[in-house]
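Each chain is listed here by its residues.
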Amino acid sequence: MSYDSYSQRKCLILNLINHLGPISRTALIELTDYRPATVGAIVGELMAEELIVEIGTLAAGHGRRRVLLDINKDHICAVGISFTNTSVAYILSQFDGKIISQSHSPFANTDNKQGLMEQICAHVQQLIQPHLHRNILGIGLCRPQKNPTDYHNPNIYDAKNEYFDLWIQDSLKPMLESHCKLPVKIYDDMALPAIAEHRFGAAKDVDDFICVELTNGIGASLFCNGAAVTGGNGTAGELGHTVIRFPEDEQLCYCGKPGCVENSTAWPAILSQIQSALNSGVFSVLQQHSDNITVTDVKNALDAGDRMCMHIVKRAAKRIGIAISNAVNLLNPKIVVLYGFMLEMGDYFIQQMEQSIRENVISFSNDFEIRISTTSESMMMLGAVADLFSSYLKVSDYKWVYALQPSEAEPSVSPE
């Protein structure tokens, strides 16, 4: 296979090592048909740049040994930044998803965007300062999640009540690049959970799966045929606004229509239903927490067999399950990954939801797993840094590499 430039050959070698490593120089020569001198020179450069390392040897027969090469996972890293309604979160993650450093800062002055930008830049500089010896590829900046019920929150909207996407693009991004001397890429939130789970989490290396968010909203992040799906304008995965019409669904969702899954099943809806039952005099162990009911309180009530709580949570879980089963019937994923703080309600909630999913999935699509996310606490930021790593390697240009099986790397070598 021929390539037009040395840099393309170098990138191909790096992608082969990333996907098939640990791998020997001999195997790289066999896979690329490059001359041994070319592979040797490229490997030498990659080692000098500390992008790859030698990690050991394999026996190759008759006493011969092949030195194995792999990505220098603890040297290559990137920064991820995400926003909540009141604060900014930061991580520095190495190539394998291990978080080297993380921090969190409240908005110092939400009316002063210049001051907020300076605060963010200073925080990033403080985060990366002890790690400047590493190869920091860039900064992944996650756009704040759009919440139509929160238009007047001063922390994420300016005085004109406009969402500050343009402020991130036009002001924060160039300031970060100038102060931190790193490239900055801005990400929408919809695809990041799937990217994080595919690269580092419960769906690692799976090409078809769905991530389902269970928090103050119900959402989905889709991964099909080896790529995140964002849709025509970046809003694919609005699972919470698919409609399941129940006779009692009379209240309009904030999106303007009745019957939305999210409107009767997300955490605010469950909390409202519990509070309404308590106000009506329904007996529950939650009466002692009626002023400030938490997810932990609900879990404890479920564990204690509280009938009111079990009824409300079971109904919500079944409706969420129906929505997820509709997505499964439509997309035929291999895995459904669940994430979000509602999972802290415990086994009763999860079991009722899984039962509903299985009951409503068409029989020949029922061969899929349901897994719990392993990246949820830093999911958005890990999704951003995962994409930075892929962009650096130009993974999309070398899709054929990632279709290779690991056994094809060292066909004539057996481990010692």
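Residues numbered from 1 in each chain as written. Predicted model: local features only at pLDDT ≥ 70, side-chain atom pairs only at ≥ 80, totals over all residues. Heavy atoms only, no water.

A. Representation of the overall build of the chain. In terms of helices and strands, the chain carries 13 helices and 13 strands. Across the 416 residues that make up the chain, the buried fraction comes to 50%. Taking the contacts inside the chain whose residues are at least 6 apart along the sequence as the reference set, 64% of them involve residues at least 24 apart. A total accessible area of about 19800 Å² is found for the chain, and carbon and sulfur atoms account for 49% of it. (Helix = DSSP H or I, 4+ residues; strand = E, 2+ residues; numbered from the N terminus. Buried < 20%, exposed > 50% of the residue type's maximum accessible area, 1.4 Å probe, protein only. Contact = heavy atoms within 4.5 Å. Areas by Shrake-Rupley, 256 points an atom, 1.4 Å probe, with all protein chains shown as cover.)

B. Spatial organisation of the confidence of the model for the chain. When pLDDT is averaged across the chain, the result is 85; 88% of the residues are at 70 or more. Across residues 148-163 the pLDDT falls below 50, and counting only partners more than four positions away or on other chains, this stretch makes 29 contacts in the model. (pLDDT = per-residue confidence, 0-100.)

C. Examining unusual backbone geometry more closely. The peptide bond linking G21 to P22 adopts the cis configuration, its omega dihedral lying at 0 degrees. By the secondary structure assignment, P22 is in the loop between helix 1 (6-20) and strand 1 (23-24). Here the phi dihedral of E50 falls at roughly 60 degrees; this positive angle occurs in a residue that is not glycine. Among the secondary structure elements, E50 is positioned in the loop between helix 3 (36-48) and strand 2 (52-59). Located in the positive-phi region is N225, a residue other than glycine, with phi close to 55 degrees.

D. Structural detail: the sheet that holds strand 11 (residues 227-229). Sheet architecture is open: five strands sit in the order 11-10-9-12-13, paired in mixed fashion. The open sheet is flanked by strand 11 and strand 13 (369-372), the only strands paired with a single partner. Pairwise comparison of adjacent strand axes, ignoring direction, gives a mean angle of 25 degrees for this sheet. Across four bridges, the pairing between strand 12 (residues 335-339) and strand 13 is parallel. Of the residues in strand 13, the one forming a bridge with V336 is I370. Contacts from helix 11 (residues 347-360) reach strand 9 (209-214), strand 12 and strand 13 within the one sheet, and its direction differs from that of strand 13 by about 155 degrees. (Pairing = 2+ DSSP bridges. Axes fitted to C-alpha atoms, helices over the stretch in contact; angles between N-to-C directions.)

E. Main features of the pattern of salt bridges. According to the stated counting rule, one finds nine salt bridges in the structure shown. Across the pair K10 and E45 runs a salt bridge whose closest N-O atoms are separated by 3.2 Å. With a gap of 35 residues between them, K10 in helix 1 and E45 in helix 3 connect regions that are remote in the sequence. Since its relative accessible area comes to 16%, K10 is described here as buried. In this structure, the salt-bridge partner of E54 is R25, at a minimum N-O distance of 2.9 Å. Separated by 29 residues along the polypeptide, E54 in strand 2 and R25 in helix 2 (residues 25-32) bring together distant segments of the chain. Overlapping salt bridges bring together K10, E45 and E49 as one network. (Salt bridge = Lys/Arg side-chain N within 4 Å of Asp/Glu carboxyl O.)

F. Expanded view of the packing of aromatic side chains. In total, this model carries three aromatic pairs according to the counting rule given. Taken together, a centroid distance of 5.0 Å and an interplanar angle of 15 degrees make the contact between F209 and F223 stacked. Here F209 is found in strand 9, whereas its partner F223 is found in strand 10 (residues 218-224), with 14 residues between them in sequence. With respect to burial, F209 and F223 carry one shared label: buried. (Phe/Tyr/Trp six-rings, centres within 6.5 Å; stacked < 30°, edge-to-face > 60°.)

G. Structural view of the sheet that holds strand 7 (residues 135-142). Read from one edge to the other, the open sheet built from five strands follows the order 6-5-4-7-8, with strand pairing classed as mixed. Strands at the two margins of the open sheet, each flanked by one partner only, are strand 6 (99-106) and strand 8 (184-187). In this sheet, adjacent strand axes meet at a mean angle of 20 degrees when their direction is disregarded. In this sheet, strand 8 lies alongside strand 7 in parallel orientation, the contact comprising four bridges. Each residue of the ladder has a partner; that of L141, found in strand 8, is I186.

H. Quick peek at the side chain of T265. Checked against the element boundaries, T265 lands in helix 7 (residues 261-265). Engagement of the side chain of T265 in a polar contact is seen with the backbone oxygen of V261, the distance being 2.7 Å. (Polar contact = N/O pair within 3.5 Å; in protein donor to acceptor, adjacent residues only side chain to side chain.)

I. Local environment of helix 9 (residues 295-303). When helix 9 is considered as a whole, its buried residues turn out to be V295, D297, V298, A301 and L302. Down the axis of helix 9, the buried set is contained in an arc of 160 degrees. They therefore lie on one face. Here the buried face of helix 9 lies against helix 8 (267-279), helix 10 (307-331) and helix 11. Positioned one or two residues after helix 9, G305 has a phi angle of 80 degrees, which is positive. (Arc of directions from axis to C-beta.)

J. Region of interest: helix 10. When the terminal C-alpha atoms of helix 10 are compared, their 36 Å separation across 25 residues agrees well with the 36 Å that a helix rising 1.5 Å per residue should span. Immediately downstream of helix 10, the backbone of N332 shows phi near 55 degrees, a positive value. (Expected span 1.5 Å × (residues − 1).)

K. The arrangement of the nonpolar core in detail. Formed by 55 residues in total, the largest nonpolar core has its most connected members in I13, I17, L28, F209 and F389. Per element, the largest residue contribution to this core is ten residues, and it comes from helix 12 (residues 379-393). Leave out the neighbours within four places in its chain, and I13 touches L28, T32, Y34, V39, I42 and L46. Formed by 43 residues, the second largest nonpolar core is a distinct cluster that contains A220, M342, F349 and M353. (Core = buried A, V, L, I, M, F, W, Y, C linked by side-chain atoms within 4.5 Å.)

L. Region of interest: the environment of L388. In this fold, L388 is placed in helix 12. Accessibility expressed as a relative area gives 10% for L388, which makes it buried. Sequence separation of L388 and A78 is 310 residues, and the distance between their C-alpha atoms is 7.3 Å. Contact partners of L388, with chain neighbours within four places excluded, come to A78, V79, G138, I139, G140, K185 and Y187.

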